[in-house]
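Fold and geometry: a report
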Amino acid sequence: MSGALGKDLLGLEHLSGDQIRLILDTAEPFKEVSERAIKKVPALRGKTIVNLFFEASTRTRISFEFAEKRLSADTVNVAASGSSVVKGETLVDTARNLEAMRIDMVVMRHGSSGAAKFLADRIVSSVINAGDGKHEHPTQGLLDLLTIRDHRPIAGTKVCIVGDVLHSRVARSNIWGLLKLGAEVAVCGPASLLPLGIEALGVQVFRRVEEAIAWADVINVLRLQLERMQTGYIPSVREYYRVFGVTMERLERAPRDLLIMHPGPMNRGVEIDSRVADGPHSVILNQVTNGVAVRMAVLYLLAGGKPELAEAAKGASDR
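The text that follows walks through the structure, step by step, so that each part is easy to find. Keep in mind it's a predicted model, so treat the numbers as computed, not measured.

As a further point, take the pairing of strand β5 (residues 158–162). A large share of β5 lies buried, amounting to four of its five residues. Both β5 and strand β6 (residues 184–188) contribute to a ladder of five bridges, which runs parallel. Opposite lysine 158, over in β6, you have glutamate 184 as the bridge partner. Handedness of the β5-helix α6 (residues 169–180)-β6 crossover: right-handed. Sheet analysis places β5 next to strand β8 (residues 218–221), joined by four bridges and oriented parallel. Each bridged residue has a counterpart across the sheet, and for isoleucine 161 the counterpart in β8 is asparagine 220.

Two aromatic rings, taken as a pair, are described by how far apart their centres are and by the angle between their planes. Considering all chains together, one arrives at three aromatic pairs under this definition. Over the face of the ring belonging to phenylalanine 118 we find arginine 122, whose NZ or CZ atom lies 3.7 Å from the ring centre. Across from the ring centre of phenylalanine 64, 5.0 Å away, lies the NZ or CZ of arginine 295, which sits over that ring.

Extensive coverage of strand β3 (residues 105–110) is indicated by the burial of six of its six residues. Residues Met105, Val107 and Arg109 point to one face of β3 and Val106, Met108 and His110 to the other, with burial holding for every one of them. In this structure, strand β1 (residues 48–53) lies alongside β3, joined through five bridges in parallel fashion. Residue pairing in the sheet places isoleucine 49 in a bridge with methionine 105 of β3. Here β3 pairs with strand β4 (residues 126–132) via five bridges, running parallel. When the sheet's bridge partners are listed, valine 107 is paired in β4 with isoleucine 128. At this point the chain moves from β3, through helix α4 (residues 115–120), to the parallel β4, and the crossover so formed is right-handed.

How each quantity is defined
- Residues numbered from 1 in each chain as written.
- Predicted model: local features only at pLDDT ≥ 70, side-chain atom pairs only at ≥ 80, totals over all residues.
- Heavy atoms only, no water.
- Buried < 20%, exposed > 50% of the residue type's maximum accessible area, 1.4 Å probe, protein only.
- Helix = DSSP H or I, 4+ residues; strand = E, 2+ residues; numbered from the N terminus.
- Pairing = 2+ DSSP bridges.
- Right-handed = clockwise from strand over helix to strand, strands pointing away.
- Phe/Tyr/Trp six-rings, centres within 6.5 Å; stacked < 30°, edge-to-face > 60°.
- Lys NZ or Arg CZ within 6 Å of the ring centre and 35° of its normal.

Quick look at the structure:
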């Protein structure tokens, strides 16, 4: 099974700008299905998709489930904590056993960078990376791109990613996608939470959040991934908020209206003020809605769906 994207979606680093635009364009007709949430599209009827999550997830897993069900696919959810993986079965053993059941796709989240590619190289079924370690989270990057595009052209837009870039797979997918579509990209955070040499990617670095806000058109706020940190990255959560928190007071001094994004889950009062998260600049709920449409587009394209038929597939849900 192979579509316009190839067999798998493992990251945005190796996609072309045209392939990224193809996914975003294909997501457009699925937005209405996602927003209405009342009828299904028969595009993936007869396909079986396994959601294989080795890390806890709520938002991403549920978003994929909605996307799969709205495309009329059969869905099986497997959590590693409840599977034979905890008894010593390897990732490949698990996947091959699932594939022996004639599945078509695996959506996988794993704590190790490169796990999605490792699996994709060893099974015939398509693999969609739902987040692997600190590597990439491509569908989150795509839904962020779609959300920006809903409000302004991506090319030439200044996007600053603020927060824990070091541990963030979302940041990496965003950086690759934004650069490929012609955006200007910057990062901002404590030096301890920025990858060494990130400037080599063509990314600007701000050491003060006030400078980032003054420069940007879009601020994408990342949460502090305290579960991935050892001691010493930041003095304290309180100090982080004081220095790098995206607050209403700081936004009020911005020279232009900004879009505020956050991939979730949010730590309110740590990286973002509740008044900002719920305020007029925020498009955070739009991101959630777009997530289902983007994942529908990815599933549809990997299943061999033709982009020009996506509108017709949507229309079939009305009949």
